[in-house]
Amino acid sequence: MGQASSPPATTPEPPTTPSADSGKCNSSVQKVGIKSGKKICCCCPETKKARDACILSKGEEDSECLKLIELHKECLRGEGFDVK
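Rules used throughout
- Within any chain, residue numbers begin from 1 and follow the written order of that chain's sequence.
- Since the coordinates come from a predicted model, pLDDT governs what is reported: local features require at least 70, and pairs of side-chain atoms require 80 or more to be given and counted, while whole-chain, interface and lining totals use all residues.
- Calculated side-chain values reflect all of the structure's heavy atoms, with hydrogen atoms and water omitted.
- Whenever Lys or Arg places a side-chain nitrogen within 4 Å of a carboxyl oxygen from Asp or Glu, that contact is recorded as a salt bridge.
- Buried Ala, Val, Leu, Ile, Met, Phe, Trp, Tyr and Cys residues that are joined via side-chain atoms within 4.5 Å together make up what is termed a nonpolar core.
- Per-residue accessibility, obtained with a 1.4 Å probe over protein chains only, is compared with the maximum for each type, and a residue is labelled buried under 20%, exposed over 50%, and partly exposed between these values.
- Contacts are residue-level and defined by heavy atoms, with any inter-residue pair within 4.5 Å sufficient.
- Note on definitions: angles span 0 to 180 degrees between N-to-C directions of axes, and those axes are lines fitted to C-alpha atoms, for helices only across the stretch in contact.
- Helix numbers and strand numbers start at the N terminus; a helix is a DSSP run of H or I with at least 4 residues, a strand a run of E with at least 2.
- Every angle not falling under 35 degrees, over 145, or within 65 to 115 is termed oblique; those three ranges are roughly parallel, roughly antiparallel and roughly perpendicular.
- Crossing chirality is assigned from the near helix's rotation relative to the far helix, an anticlockwise turn below a right angle marking it left-handed and a clockwise turn marking it right-handed.
- Note on residue classes: Ala, Val, Leu, Ile, Met, Phe, Trp, Tyr, Cys and Pro are nonpolar, Asp, Glu, Lys and Arg are charged, and everything else, Gly too, is polar.
- Within 3.5 Å is the distance limit for a polar contact, defined as a pair of N or O atoms, with the added protein rule that one can donate a hydrogen and the other accept it, and that residues adjacent in sequence qualify only through two side-chain atoms.

### Observations regarding the pattern of salt bridges
- Within the structure shown, the criterion is met by three salt bridges.
- Here K58 and E64 are joined by a salt bridge, their closest N and O atoms 2.6 Å apart.
- When the shortest N-O distance is used, the salt bridge between E70 and R77 registers 3.2 Å.

### Some details on the nonpolar core
- Judged by nonpolar contacts, C43, C44, L76, F81 and V83 together constitute the single largest core of five residues.
- Discounting residues that sit within four places of it in the chain, C44 has contacts with H72, C75, L76 and E79.

### A short note on the packing of helix α1 (residues 45-58) against helix α2 (residues 63-78)
- The contact between α1 and α2 brings their axes to 9 Å, and the two run at 155 degrees. When the interaxial angle is binned, α1 and α2 end up roughly antiparallel. Note on packing geometry: the crossing formed by α1 with α2 is left-handed. Of the residues in α2, those in contact with T47, K48, A50, R51, C54, I55 and K58 of α1 are E64, C65, L68, I69, L71, H72 and C75.
- The class makeup of the residues in the contact of α1 with α2 is eight nonpolar, two polar and four charged.

### Structural notes on the environment of R51
- Tracing the backbone through its elements, the reader meets R51 in helix α1.
- Taking C-alpha positions, R51 is 5.7 Å from I69, a pair spaced 18 residues apart along the chain.
- Discounting chain neighbours no more than four positions away, the residues touching R51 are L68, I69 and H72.
- Within the structure, the side chain of R51 is placed 2.7 Å from the side chain of D52, a separation counted as a polar contact.

### Thoughts on the side chain of E79
- With respect to the element layout, E79 can be found in the segment after α2.
- The contacts of E79, once residues within four sequence positions are left out, are G33, I34, K35, S36, C43 and C44.

Structure (structure tokens):
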């Protein structure tokens, strides 16, 4: 009788290790600022910190926080990001 052939052996793929940036950005290509070469999350730390502290303590709709949000956006635009 004929010999039954078994399927070819497959080599298991090695597990992938997440990069240091995994989970930080949903897009596969991260944009960097034109001036600093930094990712958007790392640009303008002073305005980001002030904005975040204000939002946490007073809420996003507070007039002072709205000014800080706009200042942070302006800083990011100055770095070359297209922020609306």
